Amino acid sequence: MSKLIDNTRQLISGDEDSNTSGNEHFQNVLQARLSRRDVLRGSLGVGMATMFGSFGLSACTSDDNNDDNAAAGSGEKLLNFSAVNKSVLDQVIVPAGYTASVIYALGDPLSATTSAFKNDGTDGDFENRAGDHHDGMEYFGLSADGKPSTTSNDRALLGMNHEATTDEKLTSFFQHANGGTASLPRPAAEVDKEVALHGVSVVEISKSSSGKWAYVQASSFNKRFTPLTPMELSGPAKGDALMVTKYSTTGLLCRGTLNNCGTGKTPWGTLLTGEENWAGYFFRSATDDAARDAKSVTALKRYGRSQGASSRHGWETGGSDDKYARWNNSKLGTSSNGADDYRNEMNTFGYVVEVDAYDKSKTAKKRTGLGRFAHESAAFSKPVVGQPLAVYQGDDARNEYIYKFVSTAVWSAADANPTDRMATGDKYLDSGKLYAAKLNADGSGEWIELNISNAKIAAYAGYSFTNQADVLVNARIAADAVGATKMDRPEWCGVHPNTGEIYFTLTNNSNRAVEPSSSQLAPDNSNPRAYSDAKGSSTSKGNVNGHILRVREGSAGATATSFNWDVYLFGAQADADKGLINLSNLTADQDFSSPDGIAFSPSTGICWIQTDDGAYTDVTNCMMLAAIPGKVGDGAKKTLAHKKADGSTLNVDTYVGKEPTTDTLKRFLVGPKDCEITGLCESPDGKSLFINIQHPGEGTKMADIADTSKYTSQWPANAGYGAGKRPRSATIVITKNDGGRIGS
Ligand code: FEO
Ligand code: CA
Ligand code: CA
């Protein structure tokens with residue numbers, strides 16, 4: 001997500017303060033640290049034994065592991081590179097001995113007959129070009145004969161999100177020659193182009209015999225999914241009354257995917273794409289509340305659409321055609337069920353969507369069982385034969401929740417290579433239990449099932465749930481009802497391939513304050529910081545720099561309903577106060593702000609941390625760090641003594657992971673101006689790492705569209721990629737000059 005959009009976040013996203021359960025007292029101390037022996041005895045044992053074998057990685061397997069990052073037997077040492085300095089240059093910087101190359105940028109043609117991208121705002125036909133704001137991304141290997149392969153290191157499909165566009169006022173201004181129309185009504189041609197810039201790409205990439213990666217323009221695998229691509233609703237809310245629209249009066253179908261942010265890759269080889277800030281694209285009339293039932297008004301407000309809400313782009317004003325009308329979420333028709341308008345259209349967004357990257361004939365499915373909210377990534381527990389799969393998820397808005405889905409079906413090894421991947425998705429993702437996380441003061445936590453049979457949900461005073469579909473479509477309200485813990489904007493999550501522990505980035509939260517207003521929350525044990533940070537002449541307040549939470553499931557593994565947590569890392573500038581801000585004692589080679597993307601390398605086990613920051617950008621552009629984390633409980637309890645205005649102290653206990661050393665956390669990459677770093681996948685050998693540079697130059701003013709010298713970024717043109725000077729989101733591949741694995 002763009003940090004500029006985040007500044008107006010309250011306008012487009014839910015920020016309610018309805019959780020009254022956050023006042024628990026400190027009861028116990030955190031459980032003693034988990035020994036390796038405990039891990040091996042637990043349900044993760046089988047998977048871990050396999051992982052140890054395939055990684056050849058000794059890090060994280062000893063009780064005191066943080067200083068040990070040598071890969072067994074090979075002489076390879078992980079994080080054996082010189083940390084990259086903080087930078088405000090308009091270029092991608094990687095360590096000495098590494099090369100970063102652009103391979104796929106906004107506008108690149110995806111068919112043999114699509115014209116080259118001119119990059120001057122006159123290009124069209126984005127249904128056949130790369131979309132904008134490259135985000136989450138997964139690697140799907142292809143064999144030489146074009147079949148799915150888990151071992152191919154030189155041919156693959158990338159399944160990639162195109163989250164949004166770089167905007168000013170209403171317009172995606174870099175994509176229109178003169179910046180476009182920043183007032184209503186929006187011209188149909190501008191709307192059509194902007195809609196098609198969103199969604200998902202599937203694009204083939206291949207590595208030449210000389211070792212150079214490129215995307216394959218004419219590949220028959222290439223496909224774009226846009227907000228107009230027909231899709232199916234799947235799972236418990238399929239066909240529910242909440243899903244009835246003029247487009248699908250049966251509530252079985254829906255149209256397109258939007259604001260796709262984080263991703264996941266299923267154990268059966270499909271792409272999961274998360275719909276994040278979709279609510280902001282919809283218009284509601286100023287008198288809509290009175291026109292519709294009270295329940296739907298409650299739900300719309302909880303999901304960030306009060307009546308009178310203006311839409312991000314004004315797409316509903318593009319004309320009378322249904323493809324524009326669907327962006328008006330007001331009740332306009334006379335039907336009792338919504339079959340004659342788009343009053344329910346927002347209920348068809350906010351899901352994890354499954355895409356079969358290998359088979360473009362397959363219709364994408366929205367997996368309603370995983371709940372509806374502002375989805376980021378979807379990270380699977382390590383599959384264990386005979387046990388259910390867990391899918392971990394965050395809801396990225398201020399003071400929103402962390403979720404877990406647990407499949408009804410138990411994992412079968414045969415499903416790792418199924419004949420029908422989407423049917424396998426039906427099996428694992430359409431039936432299961434959805435939980436929200438409650439984090440306790442003592443370092444323990446609970447997964448609370450969001451089920452209509454739960455009395456707190458069935459009898460919730462704030463909203464009368466009709467059925468389980470209603471619980472899933474309005475998962476935020478159900479999580480309110482059960483008292484889940486409001487977090488500092490949960491972004492991506494990732495599962496550590498050795499320990500199975502789950503890492504959640506909490507990017508920042510301006511609604512956290514020591515003396516909170518009615519719309520803010522006080523610091524709590526798992527979100528313990530609230531402070532001021534200076535940037536030039538301005539000051540930001542709250543949890544400005546974000547943190548990374550870590551969860552260890554109980555002995556039941558994926559199906560556990562209890563867990564332990566600590567905070568792996570607190571983002572901070574290195575010179576910040578160590579008692580209230582720089583709690584992880586970060587040094588200049590490690591300091592970062594606003595963690596967003598997080599993913600573990602399946603090859604090396606390195607934890608890659610990516611930032612989307614607006615606070616430390618006076619000192620450095622956004623970045624990616626390489627980490628070798630330990631495990632929950634490897635650090636210590638700390639008490640933060642927050643000072644109040646009257647001179648009294650608010651003490652907040654938290655659990656901080658073991659302080660990193662330069663051997664366990666190091667800055668690996670800094671991006672160009674005004675970008676965020678996001679998306680991560682790699683070739684199976686770990687020697688080609690793919691990441692995305694999103695929205696370079698987003699600070700450019702539309703008024704300067706004709707003066708390229710005033711663009712805050714000219715990347716990737718200034719790196720030699722493509723025509724024009726308008727900045728473009730793009731995929732880069734990182735390789736090591738000696739042919740080694742990335743991060744070694
Ligand atoms: Fe799309 Fe929450 O970042
Ligand atoms: Ca993100
Ligand atoms: Ca600062």
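Residues numbered from 1 in each chain as written. Chains lettered and ligands numbered in written order. Predicted model: local features only at pLDDT ≥ 70, side-chain atom pairs only at ≥ 80, totals over all residues. Heavy atoms only, no water.

*Asks:* How should I be thinking about the overall build of the protein chain in this particular structure?
*Replies:* Counting its secondary structure elements, the protein chain contains 12 helices and 34 strands. Relative to a compact globule of 744 residues, whose C-alpha radius of gyration would be 27 Å, the protein chain shows 24 Å and is just as compact. Dimensions of the protein chain, computed from C-alpha atoms along their principal axes, come out at roughly 65 × 65 × 60 Å. By residue count, 64% of the 744 residues in the protein chain fall in the buried class. Long-range pairs, those at least 24 residues apart, make up 67% of the contacts in the protein chain between residues at least 6 apart in sequence. Here the protein chain has roughly 24,200 Å² of accessible surface; of this, 51% comes from carbon and sulfur atoms. With 75 positive and 87 negative side-chain charges, the protein chain shows a spacing of 1 Å between the two charge centroids. (Helix = DSSP H or I, 4+ residues; strand = E, 2+ residues; numbered from the N terminus. Rg over C-alpha atoms; globule rule 2.2 N^0.38 Å. Buried < 20%, exposed > 50% of the residue type's maximum accessible area, 1.4 Å probe, protein only. Contact = heavy atoms within 4.5 Å. Areas by Shrake-Rupley, 256 points an atom, 1.4 Å probe, with all protein chains shown as cover. Lys, Arg positive; Asp, Glu negative; His and termini not counted. Charge placed at Lys NZ, Arg CZ, Asp CG, Glu CD.)

*Asks:* How should the coordination of the calcium ion (ligand 3) be read in this particular structure?
*Replies:* Tetrahedral coordination by four donors sets the ideal angle at the metal to 109.5 degrees; octahedral coordination by six donors sets it to 90 or 180 degrees. Coordination of the calcium ion (ligand 3) by the protein involves Asp533 (OD), Asp533 (OD), Ala534 (O) and Gln573 (OE1), with metal-donor separations of 2.2 to 2.9 Å. Each donor residue of the calcium ion (ligand 3) belongs to the same chain, and together they define the spacing D-A-x38-Q. Taken together, the positions of Asp533 in strand E22 (residues 531–535) and Gln573 in the loop between strand E25 (562–570) and strand E26 (595–600) put the pair 40 residues apart, joining distant regions of the chain. Gln573 matches Asp533 in its accessibility class, with the two residues each being buried. (Donors = N, O, S within 2.8 Å, 3.2 Å for Na, K, Ca; no water.)

*Asks:* I'm lost on the coordination of the calcium ion (ligand 2) in this one. Help?
*Replies:* Looking at the calcium ion (ligand 2), one finds its protein donor set to be Glu376 (OE), Glu491 (OE), Asp596 (OD) and Asp596 (OD), positioned 2.4 to 3.1 Å from the metal centre. Counting the intervening residues between successive donors of the calcium ion (ligand 2) yields the motif E-x114-E-x104-D. With a gap of 115 residues between them, Glu376 in strand E13 (residues 375–380) and Glu491 in strand E20 (residues 490–495) connect regions that are remote in the sequence. We note that Glu376, like Glu491, is buried.

*Asks:* What am I meant to see in the sheet that holds strand E10 (residues 271–275) here?
*Replies:* Within the open sheet, the six strands sit side by side as E8-E7-E12-E11-E10-E9. Their pairing is mixed. Two strands bound the open sheet, and with one partner strand each, they are strand E8 (253–255) and strand E9 (260–265). Geometrically, the sheet is characterised by an average inter-axis angle of 35° between neighbouring strands, direction not taken into account. Here strand E7 (residues 230–234) pairs with E8 via three bridges, running antiparallel. Paired with Met231 across the two strands is Cys254, which belongs to E8. On top of the sheet, helix H9 (residues 421–429) reaches E7, E10, strand E11 (352–355) and strand E12 (365–367); it is set at about 15° to E12, its chief contact. (Pairing = 2+ DSSP bridges. Axes fitted to C-alpha atoms, helices over the stretch in contact; angles between N-to-C directions.)

*Asks:* What is the right way to look at the pattern of salt bridges in this model?
*Replies:* Any two side chains of opposite charge can pair, so long as their charged atoms come close to each other. Within the structure shown, the criterion is met by 42 salt bridges. Note that Arg741 is salt-bridged to Glu76, the shortest N-O span being 2.7 Å. Placement of the pair is Arg741 in the segment after strand E34 (730–736) and Glu76 in the loop between helix H4 (45–55) and strand E1 (98–105), with a sequence separation of 665 residues. In this structure, Asp341 and Arg343 form a salt bridge, with 3.0 Å as the shortest nitrogen-oxygen distance. The same class applies to Asp341 as to Arg343, namely buried. Residues participating in the shared-partner salt-bridge network are Glu232, Glu354, Lys365, Arg367, Asp426 and Asp430. (Salt bridge = Lys/Arg side-chain N within 4 Å of Asp/Glu carboxyl O.)

*Asks:* I'm lost on the packing of aromatic side chains in this one. Help?
*Replies:* How two aromatic rings sit relative to each other is set out by the distance from centre to centre and by the angle between their planes. Tallied over the full model, the rule gives 29 aromatic pairs. Taking the centre distance of 5.1 Å and the plane angle of 85° together, the rings of Trp213 and Phe690 count as edge-to-face. Taken together, the residues span a long stretch of sequence, with Trp213 in strand E5 (residues 213–215) and Phe690 in strand E33 (residues 688–694) at a distance of 477 residues. Judged by relative accessible area, which is 4%, Trp213 ranks as buried. Between Tyr503 and Phe600, the aromatic rings sit 5.2 Å apart at their centres with planes inclined by 70°, giving edge-to-face as the arrangement. Here Phe600 lies in strand E26 and Tyr503 lies in strand E21 (residues 502–506), a separation of 97 residues in the sequence. Each member of the pair, Tyr503 as well as Phe600, carries the same accessibility label: buried. Members of the aromatic cluster, joined through ring pairs, are Tyr281, Phe282, Trp315, Trp327 and Phe349. Just above the ring of Phe81 sits the side chain of Lys666; from NZ or CZ to the centre is 5.1 Å. (Phe/Tyr/Trp six-rings, centres within 6.5 Å; stacked < 30°, edge-to-face > 60°. Lys NZ or Arg CZ within 6 Å of the ring centre and 35° of its normal.)

*Asks:* Whenever I open this one, helix H5 (residues 188–196) confuses me. Can you help?
*Replies:* Within an α-helix, residues lying three or four positions from one another point in the same direction, as the helix has 3.6 residues per turn. Listed in full, the buried residues belonging to H5 are Glu190, Val191, Lys193, Glu194, Val195 and Ala196. Of the surrounding elements, those touching the buried residues of H5 are strand E6 (223–225) and helix H8 (322–325).

*Asks:* I'm lost on helix H12 (residues 475–482) in this one. Help?
*Replies:* Counting buried positions along H12 gives eight out of eight residues, so the element sits mostly inside the fold. All of the buried residues along H12 are Ala475, Arg476, Ile477, Ala478, Ala479, Asp480, Ala481 and Val482. In the stretch just after H12, Gly483 is the one whose phi turns positive, near 75°.

*Asks:* Is there a simple way to think about the state of the cysteines in this case?
*Replies:* On inspection of all chains with the given rule, the structure shows zero disulfides. Its sulfur unpaired, Cys254 is 19 Å from the next cysteine sulfur, which belongs to Cys261. Given the relative accessible area of 2%, Cys254 is considered buried. Just so you know, Cys681 is unpaired, no disulfide at all, and the nearest cysteine sulfur is the one on Cys261, 15 Å from it. (Disulfide = S-S within 2.5 Å.)

*Asks:* In this structure, what is going on with the pairing of E10? I would like to understand it.
*Replies:* Burial of E10 is extensive: five of the five residues sit out of reach of the surface. Side chains Leu271, Thr273 and Glu275 project from E10 onto one buried face, and the interleaved Leu272 and Gly274 project onto a second face that is buried too. Here E9 runs beside E10; their pairing, made up of four bridges, is antiparallel. Looking across to E10, one finds that Thr263 is bridged to Thr273. Taken together, E9 and the strand that follows it, E10, pair antiparallel across an intervening segment of five residues, in which Gly269 is found at a positive phi of about 90°. With four bridges connecting them, E10 and E11 associate as antiparallel partners. Directly across from Thr273, in E11, lies its bridge partner Val353.

*Asks:* Explanation requested: the sheet that holds strand E27 (residues 607–611) in the structure shown.
*Replies:* Remark on secondary structure: sheet strands pair via backbone hydrogen bonds, oriented parallel or antiparallel. Read across the open sheet, the four strands follow the order E26-E27-E28-E31; overall the sheet is antiparallel. At either margin of the open sheet sits one strand with a lone partner, and together these are E26 and strand E31 (665–670). Here the strands of the sheet are splayed against their neighbours by 25° on average, with no regard to which way each runs. Both E26 and E27 contribute to a ladder of four bridges, which runs antiparallel. Residue Ile598 lies in a different strand from E27, and its bridge partner there is Ile609.

*Asks:* Sorry if this is basic, but what is going on with the environment of Ser584 here?
*Replies:* Of note, Ser584 is situated in the loop between E25 and E26. For Ser584 and Asp240, which are 344 residues apart along the polypeptide, the C-alpha to C-alpha distance reads 47 Å. With residues near it in sequence (within four places) discarded, Ser584 still touches Tyr568, Leu569, Phe570, Val656, Glu659 and Pro660. A polar contact of 2.9 Å, which involves the side chain of Ser584, links it to the backbone nitrogen of Phe570. (Polar contact = N/O pair within 3.5 Å; in protein donor to acceptor, adjacent residues only side chain to side chain.)

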